[in-house]
Structure formats: structure tokens, C-alpha cells
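Take a look at the letters that make up each chain.
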Amino acid sequence: MKQSVKLIAGNWKMNGLSASLQEAKALQDSLNDSPVAVRVALCPPATLVAQMAWTLKGGTVAVGGQDCHTEASGAFTGSIAASMLADAGARLVIVGHSERRAGFGETDADVSAKAEAALAAGLEPIICVGETLEQRQAGDAVAVVSAQVMGSLPTSLSGQAFAVAYEPVWAIGTGLTPTLDQIEEVHAAVRAAMVERLGEGGRTAPILYGGSVKPSNAAEILAVAEVGGALVGGASLKAEDFLGIIRAA
Ligand code: PEP
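Residues numbered from 1 in each chain as written. Predicted model: local features only at pLDDT ≥ 70, side-chain atom pairs only at ≥ 80, totals over all residues. Heavy atoms only, no water.

K.L.:
Please clarify how the sheet that holds strand β2 (residues 39–43) should be interpreted in this entry.
P.N.:
Strand pairing in a sheet relies on backbone hydrogen bonds. The paired strands run either parallel or antiparallel. Spatially, the eight strands close up into a barrel ordered β1-β2-β3-β4-β5-β6-β7-β8, and their pairing is parallel. Direction aside, neighbouring strands of the sheet carry axes that sit 25° apart on average. Judged from the four bridges that link them, strand β4 (residues 92–95) and strand β5 (residues 124–129) form a sheet pairing that is parallel. Bridge assignment links valine 93 to a residue of β5, and that residue is proline 125. (Pairing = 2+ DSSP bridges. Helix = DSSP H or I, 4+ residues; strand = E, 2+ residues; numbered from the N terminus. Axes fitted to C-alpha atoms, helices over the stretch in contact; angles between N-to-C directions.)

K.L.:
What am I meant to see in the nonpolar core here?
P.N.:
A general trend in soluble globular proteins is that nonpolar side chains are found buried together. Judged by nonpolar contacts, the single largest core of 61 residues is most densely connected at Ile8, Leu27, Leu153, Phe162 and Met194. No other element matches helix α8 (residues 180–198), which puts six residues into this core. The contacts of leucine 153, once residues within four sequence positions are left out, are Ser112, Ile127, Phe162, Val164, Met194, Arg197 and Leu198. Within the second largest apolar cluster, 13 residues are counted, among which are Leu7, Ala9, Leu208 and Leu231. (Core = buried A, V, L, I, M, F, W, Y, C linked by side-chain atoms within 4.5 Å. Buried < 20%, exposed > 50% of the residue type's maximum accessible area, 1.4 Å probe, protein only. Contact = heavy atoms within 4.5 Å.)

K.L.:
Can you help me understand the state of the cysteines in this one?
P.N.:
What is meant by a disulfide is a covalent connection between two cysteines, made through their sulfur atoms. Going through the model one piece at a time under the given rule, you end up with zero disulfides. Free of any disulfide, cysteine 43 has its nearest cysteine sulfur in cysteine 128, 9.3 Å distant. Overall, the relative accessible area of 0% leaves cysteine 43 in the buried class. There is no disulfide at cysteine 68, and the cysteine sulfur nearest it, in cysteine 43, is 12 Å away. For cysteine 68, a relative accessible area of 1% puts it in the buried group. (Disulfide = S-S within 2.5 Å.)

K.L.:
What's the story with the pattern of salt bridges in this structure? I'm lost.
P.N.:
Once their charged atoms are close, side chains differing in charge can pair, the charge on each being opposite to the other. For the structure shown, the criterion picks out 12 salt bridges. Among the salt bridges present, the one from lysine 13 reaches glutamate 99, with a minimum N-O distance of 2.8 Å. In this pair, lysine 13 is assigned in the loop between β1 (7–11) and α1 (21–33) and glutamate 99 in helix α4 (residues 98–104), connecting sequence segments 86 residues apart. Of the charged contacts in the structure, one is a salt bridge between lysine 114 and glutamate 106, with a shortest N-O distance of 2.6 Å. This pair shows no difference in class: lysine 114 is buried, exactly as glutamate 106 is. (Salt bridge = Lys/Arg side-chain N within 4 Å of Asp/Glu carboxyl O.)

Right, dumping it as C-alpha cells:
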């Protein structure tokens with residue numbers, strides 16, 4: 001099967017002030033000195049998107065948002081439209097992160113609408129799915145994640161640049177990771193659901209793994225079948241840690 005170039009994306013979540021841009025600069029400087037064959041992106045808080053895009057201008061590290069609204073504009077106080085992220089210099093946007101699904105009640109339909117909004121603004125959506133610990137312990141991980149893929153991917157993704165990120169909720173920020181066999185099983189199911197949903201258009205987009213990826217476990221996770229990259233939280237905040245993951249890919 002044709003594989004797309006791996007994507008290693010960092011999610012800074014609600015961390016980072018303007019001083020943190022020095023980490024993005026250090027990351028880009030290292031990649032300039034010693035380039036890699038993977039795509040690299042950083043998704044800082046919305047307040048830093050424009051500054052980071054400016055800091056990294058002309059470099060290989062792309063900037064992304066962490067969320068966008070479903071609508072292009074309007075009376076949605078505090079929200080950010082995909083076109084605003086694009087205008088600030090973003091090229092990607094994470095949608096449907098489990099922290100948004102759990103903390104803000106986002107449904108698969110909301111996530112699908114956000115992915116559509118991202119595409120309309122010319123952004124590459126990274127669409128997140130993942131089961132809770134209870135769902136895994138009940139033996140429902142594959143069924144839950146497959147249903148999330150079917151419900152969260154708009155058919156308009158076919159032929160567009162996008163990625164899906166499999167992030168088991170119980171592995172995010174906990175230091176816990178699934179076994180490599182569990183990752184392989186779910187990624188295969190995600191691919192099958194992508195193809196069921198999008199036909200041929202679901203065959204090549206990368207499926208990222210996310211959840212406690214660090215320099216010490218990145219190589220073995222990124223070598224699993226159908227793991228097309230990583231979505232990295234905590235370990236993306238420091239250039240040195242993030243580089244350890246990028247260089248393991
Ligand atoms: C995330 O929030 O997307 C994530 C994967 O976090 P961490 O790497 O810290 O587990």
C-alpha cells in the first residue's frame with residue numbers, strides 16, 4: 001500500500017507564552033542543520049500561531065491550530081474560525097481532540113463540521129479519535145474508534161490533505177501506552193473505516209498515533225504497520241525532546 005510521508009505534529013495545548021517561541025526556533029535550526037524525511041508541525045495556542053508562523057517563516061516546520069469553529073464567521077464570542085488560523089499562518093488544525101470532546105461536549109458531527117470548515121479554509125485537518133479506558137476494558141476499543149472515524153470524517157475529505165490521529169484517551173499525558181499489537185490492531189481498523197467512509201480517498205492519508213509518545217518509545221511505535229506519524233503533547237514542548245521523536249521516525 002502506498003504510504004504518505006510521516007507527519008510528526010506537536011500539540012502544545014494551553015501551554016506557551018511568547019518566550020516559548022525559542023523552542024520552535026531551536027527546533028527549526030536543528031532541522032535546518034540536519035534535515036529529516038518526515039513532515040513536522042507545531043500546534044501552539046491560538047495566541048502564538050501568528051508569531052510562530054513568523055518565527056518559522058521559510059522553514060520546514062508547519063504551524064497548526066488546536067481547534068477551529070464550524071462556522072466561517074459570526075457571533076461566536078471567544079471562538080476562532082479556520083480562515084483566521086490560515087490568515088495567521090497556520091497550515092493545519094487539530095479537530096476533535098479528546099480534551100475537546102470530553103471537556104466541551106464535541107460530538108462526531110461537530111468534529112466532522114470542523115474538518116469541513118478546515119478544508120474550506122485551505123487547512124489540513126488532523127482528526128482525532130480514541131477510546132476511553134472503560135471502553136477498552138469492555139473490549140470496545142475497535143468498535144468505538146471505528147464509529148468515531150465513520151462519524152467524524154466528512155466525505156469531502158476524499159482527495160484532500162488530512163490525517164487521522166488515534167489517541168487512546170487513557171494514554172494521553174499518563175505515560176501509559178498501548179502495546180504495539182494494540183496500536184497495530186486499532187490502526188488497521190481505522191484504515192478500514194477510512195476506506196469504508198471515503199473509498200479510495202481513505203487509503204493514503206496518514207494515521208498518527210498519539211498518547212505518551214516520547215524519544216524512548218517513538219522508534220518502535222513509528223515502525224508499527226499503518227502508523228503514519230505521531231501527535232505529541234508533553235514531549236513537543238521542548239525542542240530537544242521533540243527532536244528525539246522526530247529523529248526516531
Ligand atoms: C495529545 O494531547 O495529543 C497527546 C498525545 O499528549 P501526550 O503526548 O502528552 O500524551
